[in-house]
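# Observations on the three-dimensional arrangement
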Amino acid sequence: AQTVTQSQPEMSVQEAETVTLSCTYDTSESDYYLFWYKQPPSRQMILVIRQEAYKQQNATENRFSVNFQKAAKSFSLKISDSQLGDAAMYFCAYRSAGGNQFYFGTGTSLTVIP
Amino acid sequence: DAGVTQSPTHLIKTRGQHVTLRCSPISGHKSVSWYQQVLGQGPQFIFQYYEKEERGRGNFPDRFSARQFPNYSSELNVNALLLGDSALYLCASSSPSGGPLQETQYFGPGTRLLVL
């Protein structure tokens, strides 16, 4: 089974600064999708950004960008110009192209310091 | 458009009881997945349904069952509740139209189940 590892249980960042959250995964497949989800204290999981493994270009969504290193099986999330509303639990997730389930990491709790 | 909705929001049960959780997907979505999220952990896959058929099952005991209705809403049933079933149960739906959006799941707010 695929595994997703988030080695940073907690991270903090000063408001307006940049922070990078790490994620690694283990798979023998070549075609898959990777996601970052945000879960604020109100608990609804929100999609932040997604990356198709066949694309070499790193995905970007406004202040959020990823560094996708397929050979290293690494998928980090960079948050630029951090805002107070970015404070949440962030989950990295994997889904194979031919599969039907998501595999989630254990999450990174991000605190934004005013 | 309404997002994924789940009911109830909170539930308290005792060991041995049965529980039914409900989920309505985003309008037009035909696939529904269920996840269990224990406090401090990431969500764990339980089931996926597409067009009323089970398309995937995670490593959960037979006490867990689900079904999907013609309107694509879904129910998750758990029998003989154990203390360890206490968790946030998340429902997610995905688009049926193919393409990149098909691979993305959109989550509901969850049902918090406490088993005493």
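Refer to the structure above for everything that follows.
The following refers to the structure shown. (Residues numbered from 1 in each chain as written. Chains lettered and ligands numbered in written order. Predicted model: local features only at pLDDT ≥ 70, side-chain atom pairs only at ≥ 80, totals over all residues. Heavy atoms only, no water.)

Below, the discussion takes up the overall build of chain B. On a plain count of helices and strands, chain B comes out with zero helices and 11 strands. Reading the secondary structure of chain B in the N-to-C direction produces β-β-β-β-β-β-β-β-β-β-β. At 14 Å, chain B has a C-alpha radius of gyration in line with the 13 Å of a compact globule built from 116 residues. Oriented by its inertia axes, the alpha-carbon framework of chain B measures out at about 45 × 25 × 25 Å. The buried share of chain B, taken over its 116 residues, is 49%. In chain B, of all internal contacts separated by at least 6 residues, the share reaching a separation of at least 24 is 54%. Side-chain charges in chain B split into 10 positive and 8 negative, and the spacing between the mean points of these groups amounts to 8 Å. (Helix = DSSP H or I, 4+ residues; strand = E, 2+ residues; numbered from the N terminus. Rg over C-alpha atoms; globule rule 2.2 N^0.38 Å. Buried < 20%, exposed > 50% of the residue type's maximum accessible area, 1.4 Å probe, protein only. Contact = heavy atoms within 4.5 Å. Lys, Arg positive; Asp, Glu negative; His and termini not counted. Charge placed at Lys NZ, Arg CZ, Asp CG, Glu CD.)

Below, the discussion takes up the pattern of salt bridges. All chains considered together, the criterion is met by nine salt bridges over all chains. Of the charged contacts in the structure, one is a salt bridge between B:Arg67 and B:Glu75, with a shortest N-O distance of 3.3 Å. Residue classification places B:Arg67 among the partly exposed positions, given a relative accessible area of 44%. Classification of B:Glu75 as buried rests on a relative accessible area of 11%. One network of salt bridges, with partners in common, ties together A:Arg50, A:Glu52 and A:Lys55. (Salt bridge = Lys/Arg side-chain N within 4 Å of Asp/Glu carboxyl O.)

In this complex, chain B contributes 24 residues to the contact, which on the side of chain A involves 18 residues. Surface buried jointly by chain B and chain A totals about 1,900 Å² across both partners, of which 48% is contributed by carbon and sulfur atoms. The interface formed by chain B and chain A holds zero salt bridges in total. Where chain B meets chain A, there are five residue pairs in polar contact (both at pLDDT 80 or more). Contributions of two or more residues to the side of chain B that touches chain A are made by strand E4 (31-37), strand E5 (44-50), strand E6 (53-57), strand E9 (87-94) and strand E10 (105-107) of chain B. Of the residues in the side of chain B that touches chain A, the class split is nine nonpolar, 13 polar and two charged. (Buried area = accessible area lost by both parts, 1.4 Å probe. Polar contact = N/O pair within 3.5 Å; in protein donor to acceptor, adjacent residues only side chain to side chain. Nonpolar A, V, L, I, M, F, W, Y, C, P; charged D, E, K, R; others polar.)

Before going further, it helps to spend a moment on the packing of aromatic side chains. Going through the model one piece at a time under the given rule, you end up with 19 aromatic pairs over all chains. Pairing A:Phe91 with A:Phe104 gives two aromatic rings, centres 6.4 Å apart and planes at 85°, and the pair type is edge-to-face. Within this pair, whereas A:Phe91 is found in strand E10 (residues 88-96), its partner A:Phe104 is found in strand E11 (residues 103-104), the two being separated by 13 residues in sequence. In this structure A:Phe91 comes out as buried when scored by relative accessible area, which is 1%. On the numbers, 5.1 Å between centres and 65° between planes, the contact of B:Phe60 with B:Phe64 is edge-to-face. (Phe/Tyr/Trp six-rings, centres within 6.5 Å; stacked < 30°, edge-to-face > 60°.)

Here we take up the sheet that holds strand E8 (residues 74-78) of chain B. All names here are of chain B. Strand order in the open sheet made by the four strands is E1-E3-E8-E7, with antiparallel pairing throughout. Each edge of the sheet is formed by a strand with only one pairing partner; in this case those strands are strand E1 (5-7) and strand E7 (64-68). Taking the axes of each pair of neighbouring strands and ignoring which way they run, one obtains an average angle of 20° across the sheet. (Pairing = 2+ DSSP bridges. Axes fitted to C-alpha atoms, helices over the stretch in contact; angles between N-to-C directions.)

Any link to function would need more than the numbers given here.
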